[in-house]
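Remarks on the overall topology
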Amino acid sequence: ATASRSAAHVDPARAAILEEIRRRYPIDASLETPLSRAVRTQGSLVIEEITEEHLRVFARDADHLEMLRTLGHRSVMFVPLIARNRMLGVISFGHGPSGRMYGQHDLALAEELARRAAVAIDTAMLFERVQAAEMRYRGVFDGVADAILVFDRSARLIEVNTAASAMFGLPPDDLARQSVSDLAVVGQEWAIRELRRLRRQGSWHGEVEMHRNDGTTFPVDAHVTRLAMPDAPVYIAVLRDISHRRELERLQRELTAMVTHELKGPLTTIKGFAQLMQRRQAFDERRVDAIVTQANQLERLINDMTDATRGESGRLDLRREPVDLVALAEAAVEQARTLTAVHDLQLVVPDNAVVGQWDPHRLSQV
């Protein structure tokens, strides 16, 4: 640790000299001085009467010697500050021109004072470290993007981070007064069962619906871990909103269902016309043209699946060309008629063409 010194004297003039000594002559444990010896040995030292010879030994140079003479100390004590078997520093006491000499009784009193001072200093240092650790903890705790809930065995919240406050739409103090069961959209039976499993296994992972303060619900992926504490265990839940993931999963299911439906049409037509020609053992140019048309439709559907993948990355392109919407609608209806024998499809269109710049394949699919 970085060494620091402070000094006080009943005489302001001599206090200034002590301050000058402190500034110009820092502690050096390698030197043979009473203060350095007390630092090295971590033991108390009394010099009942200081002589000129002592001053010459203690002084580092002529200026130092002159300052020590001016102070006029005739008796000194050096007492280490020790707390939890750790050296914190040294207190030095000095008597001046009064002529009073320190003895063993004075040393015992000084050692008791040093012991209490060391405890106070150590406590203050511990408190500073605790405060620093708390600041680091809060910085990490509140800096995490995922919501964190800390709760006890009864599922009462103890602490929440900033992300949790934003997730549930409640100020941290208000949210910390809630219970996990107040926030989760689950039945009491499910909650009791899963809490028992958490206490037994020490961890839990799953997806669950949660309440926001505005009354809406949302899904989260939750990881819960038990943390042993001196008085009682606590549980730390890390929550991640998976609403976006659920929406993507829904869209993927819809896309799969749509593509499956779209693929069945051309396949049914191709199979039907091929089987018909096989049974009749005759080439039918109109049916072959229909098979080629449906094969092209299958190819376009496969390309659409590729386009859908591009669409997720924002790169969906339209292939516009001059198209008659009347002819396009008639072709789409004709294709649909080949897929059903029980529906009567009617198409109402104007007599003239309706031409524009369209993507015919995507419009046909719609």
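Structural data are supplied above this passage.
A brief report on the enclosed structure follows. Please read all numbers here as calculations on a predicted model, not as lab measurements. (Residues numbered from 1 in each chain as written. Predicted model: local features only at pLDDT ≥ 70, side-chain atom pairs only at ≥ 80, totals over all residues. Heavy atoms only, no water.)

**Things to note about the packing of helix α1 (residues 12-24) against helix α4 (residues 62-71)**
Where α1 contacts α4, the two axes come as close as 10 Å, and the packing angle between them is 150°. The angle between α1 and α4 places the two elements in the roughly antiparallel class. For the crossing formed where α1 meets α4, the hand is left-handed. Contact residues: α1 offers Arg14, Ile17, Leu18, Glu20, Ile21 and Arg24, while α4 offers Asp63, His64, Met67, Leu68, Thr70 and Leu71. (Axes fitted to C-alpha atoms, helices over the stretch in contact; angles between N-to-C directions. Helix = DSSP H or I, 4+ residues; strand = E, 2+ residues; numbered from the N terminus. Parallel < 35°, antiparallel > 145°, perpendicular 65-115°, else oblique. Left-handed = near helix turned anticlockwise from the far one by under 90°. Contact = heavy atoms within 4.5 Å.)

**Here we look at the side chain of serine 165**
If you trace the backbone, serine 165 turns up in helix α6 (residues 162-168). Setting aside residues no more than four positions away along its own chain, serine 165 makes contact with Leu170, Pro171, Pro172 and Leu175.

**Re the pairing of strand β7 (residues 217-227)**
Sheet topology places strand β6 (residues 203-211) next to β7; nine bridges connect them, and they run antiparallel. When the bridges of β7 are listed, serine 203 appears paired with threonine 225. Pairing of β7 with strand β8 (residues 234-241), which is carried by eight bridges, proceeds in the antiparallel orientation. Following the sheet pairing, arginine 226 is matched in β8 by tyrosine 235. Counted between consecutive antiparallel strands, the loop separating β7 from β8 contains six residues. (Pairing = 2+ DSSP bridges.)

**Remarks on the sheet that holds β8**
Within the open sheet, the five strands sit side by side as β5-β4-β8-β7-β6. Their pairing is antiparallel. Each of the sheet's edge strands pairs with one partner strand only, and the pair in question is β5 (157-160) and β6. Ignoring strand direction, the axes of neighbouring strands in this sheet form an average angle of 30°. Of the strands in this sheet, β4 (147-151) and β5 touch helix α5 (residues 104-143), which is tilted by about 85° from β5.

**Some words on the pattern of salt bridges**
Scanning all chains against the criterion turns up 26 salt bridges. The shortest N-O distance in the salt bridge between arginine 138 and aspartate 142 comes to 3.1 Å. Of the two residues, arginine 138 and aspartate 142 both sit in helix α5, four residues apart, roughly one turn of that helix. Overall, the relative accessible area of 24% leaves arginine 138 in the partly exposed class. (Salt bridge = Lys/Arg side-chain N within 4 Å of Asp/Glu carboxyl O. Buried < 20%, exposed > 50% of the residue type's maximum accessible area, 1.4 Å probe, protein only.)

Read these as spatial facts, not as claims about activity.
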